[in-house]
Amino acid sequence: GQQLNQSPQSMFIQEGEDVSMNCTSSSIFNTWLWYKQDPGEGPVLLIALYKAGELTSNGRLTAQFGITRKDSFLNISASIPSDVGIYFCAGRRGNQFYFGTGTSLTVIP
Amino acid sequence: NAGVMQNPRHLVRRRGQEARLRCSPMKGHSHVYWYRQLPEEGLKFMVYLQKENIIDESGMPKERFSAEFPKEGPSILRIQQVVRGDSAAYFCASSPPGTPYGYTFGSGTRLTVV
């Protein structure tokens, strides 16, 4: 199957710090998505990107669709405790979304 | 407007039993997708269905697994003769017709095979 590599695997940061995580693939995708998953819940869509080079913001979150269409990054500014969770990138090809292995974020108050 | 509803939230089955997982899509959504998530892993695509049709089942194991989305009622993911390796969280997602972007996930069913 498709391999999406997310980094870092985990992050421990102080409240108020900015966060950056990225996702790379050996294949091209038409759409990149970023999801957040809380324990025991399903993933919730944060940001969707549809064009290479696109930069999109949603509140304190900013994500970009890489020019090569093989990567994407997500930034979170001024982190707060409720940002804790696992963040997944997903790339779309055809009917399927291929998910990365996730970045676990811990915010220390 | 209720979200994607999955039930049960937790399901325990003994080896060899059948597991039936249900998913009711959001109102107005006619496309349903099933994903499986193993502990500390990302979600893996299993199957994509529209009403009464299986569109893409390339992620479904060849044996013991089946899915349906009847004209009336929820989508069902059925696992026959479960084994310990089937223990995972199973998520359903739905989208309206013609949506090329991300869809809405349910809260999942956590299957434990003992």
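Whatever comes next refers back to the structure up there.
What comes next concerns the included structure. In this text the structure is predicted, and so the values were computed from the model without any measurement.

### Let's talk about the sheet that holds strand β7 (residues 61–65) of chain A
Residue and element names in this part refer to chain A.
- Read across the sheet, 5 strands follow the order β1-β3-β8-β7-β6 without closing on themselves; strand pairing throughout is antiparallel. Only two strands of the sheet have a single partner each, and these edge strands are β1 (4–7) and β6 (55–58). Mean inter-strand twist for the sheet, computed between neighbouring axes without regard to direction, equals 15°.
- Note: β7 against strand β8 (residues 71–76), 5 bridges, orientation antiparallel. Paired with F65 across the two strands is S72, which belongs to β8.

### Thoughts on the packing of aromatic side chains
- Within the structure shown, the criterion is met by 9 aromatic pairs over all chains.
- Residues A:Y35 and A:F99 carry aromatic rings whose centres are separated by 5.6 Å and whose planes lie at 40° to one another, so their mutual orientation is tilted. In this pair, A:Y35 sits in strand β4 (residues 31–37) while A:F99 sits in strand β10 (residues 96–99), placing the two residues 64 residues apart along the sequence. For the pair A:Y35 and A:F99, one class covers both residues: buried.
- Centroid distance A:F99 to B:Y35: 5.5 Å. Interplanar angle 80°. Geometry classified as edge-to-face. Of this pair, A:F99 sits in strand β10 while B:Y35 sits in strand β4 (residues 31–37), which puts the two residues in different chains. You'll find A:F99 and B:Y35 in the same group, each marked buried.
- Every member of this aromatic cluster is reached through a ring pair, and the members are A:Y35, A:F99, B:Y35, B:F45 and B:F105.

### Remarks on the interface of chain B and chain A
- Tallying the contact residues gives 21 residues for chain B and 18 residues for chain A.
- Taken over both partners, the interface formed by chain B and chain A buries close to 1500 Å², and the fraction arising from carbon and sulfur atoms is 53%.
- The interface formed by chain B and chain A holds 1 salt bridge in total.
- At the junction of chain B with chain A, the criterion picks out 5 residue pairs in polar contact (both at pLDDT 80 or more).
- Tallied by class, the residues present in the side of chain B that touches chain A amount to 11 nonpolar, 6 polar and 4 charged.

### Concerning the state of the cysteines
All names here are of chain A.
- Summed over the entire model, instances satisfying the criterion amount to 2 disulfides over all chains.
- C23 shares a disulfide with C89; S-S distance 1.9 Å. Here C23 and C89 share a disulfide; its torsion about the S-S bond, 45°, makes the bridge right-handed. Here the residue C23 occupies a position in strand β3 (residues 19–25), and C89 occupies one in strand β9 (residues 85–93), the gap between them amounting to 66 residues. One exposure class covers both C23 and C89, and it is buried.

### What to know about the layout of surface pockets
- As a volume, the largest pocket reaches approximately 420 Å³.
- Considering the residues around the largest pocket, the lining is formed by 22 residues, among which A:I86, B:Q37, B:P39, B:E40 and B:E41 are closest to the centre.
- The residue inventory of the lining of the largest pocket, partitioned by class, reads 8 nonpolar, 9 polar and 5 charged.

Each value, and the rule that gives it
- Within each chain, residue numbers correspond to sequence positions counted from 1 in written order.
- The lettering of chains begins at A and the numbering of ligands begins at 1, in the order of writing.
- It should be noted that, the model being predicted, local features are given only for residues of pLDDT at least 70 and side-chain atom pairs only at 80 or more, the latter also being counted only at that level, while totals for whole chains, interfaces and linings use all residues.
- Note: side-chain values were computed over all heavy atoms of the structure, leaving out hydrogens and water.
- Paired strands, in this sense, are two strands between which DSSP finds at least two bridges.
- Runs of E in the DSSP output that reach at least two residues are strands. Runs of H or I that reach at least four are helices, and both are numbered from the N terminus.
- To obtain each axis, a line is fitted to C-alpha atoms, and for helices this fit is confined to the stretch in contact; angles are then taken between N-to-C directions over 0 to 180 degrees.
- Put simply, two rings from Phe, Tyr or Trp (the six-membered ring, in Trp's case) pair if the centres are within 6.5 Å, and we call them stacked under 30 degrees between planes, edge-to-face over 60, tilted for the rest.
- Per-residue accessibility, obtained with a 1.4 Å probe over protein chains only, is compared with the maximum for each type, and a residue is labelled buried under 20%, exposed over 50%, and partly exposed between these values.
- Note on contacts: a residue pair is in contact if any heavy atoms of the two residues lie within 4.5 Å.
- As used here, buried area is the combined drop in accessible area, with a 1.4 Å probe, of two parts when they are placed together.
- One speaks of a salt bridge when a side-chain nitrogen belonging to Lys or Arg is within 4 Å of a carboxyl oxygen belonging to Asp or Glu.
- Counted as a polar contact is a pair of N or O atoms within 3.5 Å, where, for protein atoms, one must be capable of donating a hydrogen and the other of accepting one, and residues adjacent in sequence contribute only when both atoms are in side chains.
- Amino acids are sorted into nonpolar (Ala, Val, Leu, Ile, Met, Phe, Trp, Tyr, Cys and Pro), charged (Asp, Glu, Lys and Arg) and polar (every other residue, Gly among them).
- When two cysteine sulfur atoms lie within 2.5 Å, the pair is treated as a disulfide.
- Only protein atoms enter the calculation, which uses a 1 Å grid: trapped sets of points that fit a 1.4 Å probe without letting it out are cavities, open sets showing protein on both sides within 12 Å along at least five of seven lines are pockets, and any residue with an atom within 4 Å of a point is a lining residue.
- Grid points are joined across faces, edges and corners, and a volume is the space filled by probe spheres set on the points.

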